Amino acid sequence: MKVLLISANTVQEPFPVYPLGLDYVAGAIAERHAVRCLDLNCLAPEGGLELAIQAYGPEVIGISLRNVDNTDSREPKGFMGEYRQLVGRVRRCSAVPIVLGGSAFTIFPDEIMALLAADYGIVGEGERLAPLLQALANGQDPAGLPGVVVGRAKGGLPVAAAPGPWSREVTRDFDPAAEHLAFYMQNGGMLNLQTKRGCPFRCVYCSYPYIEGRRMRRIPAGQVAAMALKLQAAGARYLFITDSAFNADIDHSLAVARAFRQQGLTIPWGAFFAPIALPDGYFQTMAACGLKHVEFGTESLNDAVLEVYGKPFRRRQVVAAHGAAVAAGLHVAHYFLFGGPGETEQTLADALAHIDKLERTVLFLFCGMRIYPHTGLHEIALRQGQITASQSIVDPVFYQPPGMDLDAISRRLDQHARGRENWVHAAGGQAAVGIMRRMYRRGRSGPLWEYLVR
């Protein structure tokens, strides 16, 4: 079958993100099907999509929905309206089956299937498109296949939960001749890598464990390094590892880093890390293997809040991990999320006081915790009566800490950050996007926040 895969994500704040998921879906189906990938970031806004569909003539169209909304409590924006317009454009120029997938669809399959009226959907990892296509090619009814949602127009019913993790081998089909690659080379030269799936942590707000499972499934270090070299040969000037936390498996992260060095990777790379207890010399080894940027998902420096957030570390571990990364000569950033369960005036003041003590770093401050299904935060919000079990939360709904106001917290963060370049409230907005684009045009690459380090 001729399959067209479309990346619907057009968010470019603070920088555009290469559609890694399409590579993995293509890797699962390319042996039996002809595949073409389209990235909306790279198409002419008027008519580009329609021309591409008409020229290719697909028999099935898959649409990957990455984000539900922008998770910004100050200026919340849902993306369902844009997705509905996209599906409408596809419908007007093609009558072939439409299959929805991606992390956004996995979190809200019932609601999104109803809103977009697609033919089928994939809940969970995108490789599940392969058995769906095989059933369609053989003229079989795909209802009952794990993770496959059959739309109401075809007499199907949405599924209630994600299936278990994809148990078969995952293969990335990276095409250095892909049409959309040039866009990312011209806008920072950043491509991305995955070294494992699954997250064992239990952060109260996070949907990663629901989407990928809690059991970590590791890609062999040599295989990861071989892909890194392929990306480098295609022109990448920087690599970012997309794992929820690269060091969730410390030994595997070290093996991957060493494989980079042994196989001759020369471009810099970065990743998200959990500031957990780490072995001596961990970040020195990482730096020697090309790591440049450490992004810590810290969220708070108040121990009571960290406990409620379900974090596997406390302030002492954060300070130690921060010091080790800085001592290794790495660029370090921390992400903080205020206004979640357990937040009070006292915890906020305590966290800010300890954040003030962090040196040689960039601090990204976010206010407001988005409530997603299948998370601990969803259960807390239900118990506290902030939402109901029958309520749709596809449009952004944020947790409200009892006795506190999110707008007041946001103003407090603005005031605290005023005059300090390394304190960035949210992602910096469109001003940051403009700065990034200018720097990319001047040949810079990577996330670039190191220029704010103080």
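Coordinates for the structure precede this section.
Rules used throughout
- Residues numbered from 1 in each chain as written.
- Predicted model: local features only at pLDDT ≥ 70, side-chain atom pairs only at ≥ 80, totals over all residues.
- Heavy atoms only, no water.
- Helix = DSSP H or I, 4+ residues; strand = E, 2+ residues; numbered from the N terminus.
- Rg over C-alpha atoms; globule rule 2.2 N^0.38 Å.
- Contact = heavy atoms within 4.5 Å.
- Areas by Shrake-Rupley, 256 points an atom, 1.4 Å probe, with all protein chains shown as cover.
- Lys, Arg positive; Asp, Glu negative; His and termini not counted.
- Charge placed at Lys NZ, Arg CZ, Asp CG, Glu CD.
- Expected span 1.5 Å × (residues − 1).
- Buried < 20%, exposed > 50% of the residue type's maximum accessible area, 1.4 Å probe, protein only.
- Arc of directions from axis to C-beta.
- Pairing = 2+ DSSP bridges.
- Axes fitted to C-alpha atoms, helices over the stretch in contact; angles between N-to-C directions.
- Polar contact = N/O pair within 3.5 Å; in protein donor to acceptor, adjacent residues only side chain to side chain.
- Core = buried A, V, L, I, M, F, W, Y, C linked by side-chain atoms within 4.5 Å.
- Phe/Tyr/Trp six-rings, centres within 6.5 Å; stacked < 30°, edge-to-face > 60°.
- Lys NZ or Arg CZ within 6 Å of the ring centre and 35° of its normal.

A. Layout of the overall build of the protein chain. Within the protein chain, the regular secondary structure consists of 17 helices and 15 strands. Taking 2.2 N^0.38 as the reference for a compact globule, 454 residues should give roughly 22 Å; the C-alpha atoms of the protein chain span a radius of gyration of 22 Å, in line with that estimate. Principal axes of the C-alpha set define a box for the protein chain whose edges measure 65 × 55 × 40 Å. Sequence-distant contacts, at least 24 apart, represent 74% of the contacts inside the protein chain between residues at least 6 apart. About 19,100 Å² of surface is accessible on the protein chain, with carbon and sulfur atoms providing 51% of the total. For the protein chain, the distance from the average site of its 45 positive side-chain charges to the average site of its 42 negative ones is 3 Å.

B. Looking closely at helix α9 (residues 221–233). With 13 residues, α9 should reach 18 Å at 1.5 Å per residue; the first-to-last C-alpha distance of 18 Å fits that figure. Three or more residues of α9 are buried, namely Ala 221, Val 224, Ala 225, Met 227, Ala 228, Leu 231 and Gln 232. The buried residues of α9 occupy an angular sector of 160 degrees when the element is viewed end-on, so they sit on one face. Tucked inside the fold, the buried residues of α9 contact β7 (190–193), β10 (238–241) and α10 (250–263).

C. Spotlight on the sheet that holds strand β15 (residues 423–425). The seven strands lie next to each other as β7-β10-β11-β12-β13-β14-β15, forming an open sheet whose pairing is parallel. Each of the sheet's edge strands pairs with one partner strand only, and the pair in question is β7 and β15. With direction set aside, neighbouring strand axes in the sheet form an average angle of 20 degrees. In this structure, strand β12 (residues 291–299) lies alongside strand β13 (residues 331–338), joined through six bridges in parallel fashion. Paired with Glu 295 across the bridge in β13 is Ala 333. Sheet strands in contact with helix α14 (residues 345–355) are β13, β14 (362–367) and β15, and its direction is about 170 degrees off that of β13.

D. The environment of Arg 214, seen in detail. With respect to the helices and strands, Arg 214 occurs in the loop between α8 (208–212) and β9 (217–218). Arg 214 gets classed as partly exposed once you look at its relative accessible area, which sits at 36%. Along the chain, Arg 214 and Val 294 lie 80 residues apart, while their C-alpha atoms are 23 Å from each other. Apart from residues lying up to four places away in sequence, Arg 214 is in contact with Gly 198, Cys 199, Pro 200, Phe 201, Arg 202 and Pro 209. There is a polar contact of 2.9 Å between the side chain of Arg 214 and the backbone oxygen of Phe 201.

E. Representation of the sheet that holds strand β2 (residues 34–39) within the structure. Across the sheet, which stays open at both edges, the six strands sit in the order β2-β1-β3-β4-β5-β6 with mixed pairing between neighbours. Looking at strand neighbours, the two that pair on one side only are β2 and β6 (148–150), the edges of this open sheet. Within the sheet, the average angular offset between the axes of one strand and its neighbour, ignoring direction, is 20 degrees. Lying over the sheet, helix α2 (residues 48–56) contacts β1 (2–7), β2 and β3 (60–64), oriented at roughly 175 degrees with respect to β2.

F. Looking closely at the nonpolar core. One finds Ile 63, Val 90 and Phe 338 to be the most contacted residues of the largest nonpolar core, which totals 80 residues. Here this core gets five residues from one element, more than from any other, and that element is helix α3 (residues 80–93). Not counting residues up to four positions away in its chain, the partners in contact with Val 90 are Ile 6, Leu 49, Ile 53, Ile 61, Ile 63 and Ile 98. In terms of nonpolar packing, the next biggest core, distinct from the first, is built from 46 residues, Met 227, Ala 236, Phe 246 and Cys 289 among them.

G. Expanded view of the packing of aromatic side chains. Inspection of every chain in the model, using the stated rule, returns 17 aromatic pairs. Measuring from ring centre to ring centre gives 6.1 Å for Phe 283 and Phe 296, while their planes differ by 85 degrees; the resulting arrangement is edge-to-face. With Phe 283 in helix α11 (residues 282–288) and Phe 296 in strand β12, this residue pair connects regions lying 13 residues apart in the sequence. Phe 296 sits in the buried class, given a relative accessible area of 0%. Between Tyr 335 and Phe 366, the aromatic rings sit 6.3 Å apart at their centres with planes inclined by 15 degrees, giving stacked as the arrangement. One end of the pair, Tyr 335, is in strand β13; the other, Phe 366, is in strand β14, with 31 residues separating them in the sequence. Using a relative accessible area of 18% as the deciding quantity, one classes Tyr 335 as buried. Site record: aromatic cluster; members linked through ring pairs are Phe 246, Phe 260, Trp 269, Phe 273, Tyr 282, Phe 283 and Phe 296. The positively charged end of Arg 197 is found above the aromatic ring belonging to Tyr 24, 4.9 Å away from the centroid. Lying across the ring of Trp 423, Arg 420 places its NZ or CZ 4.2 Å from the centre.

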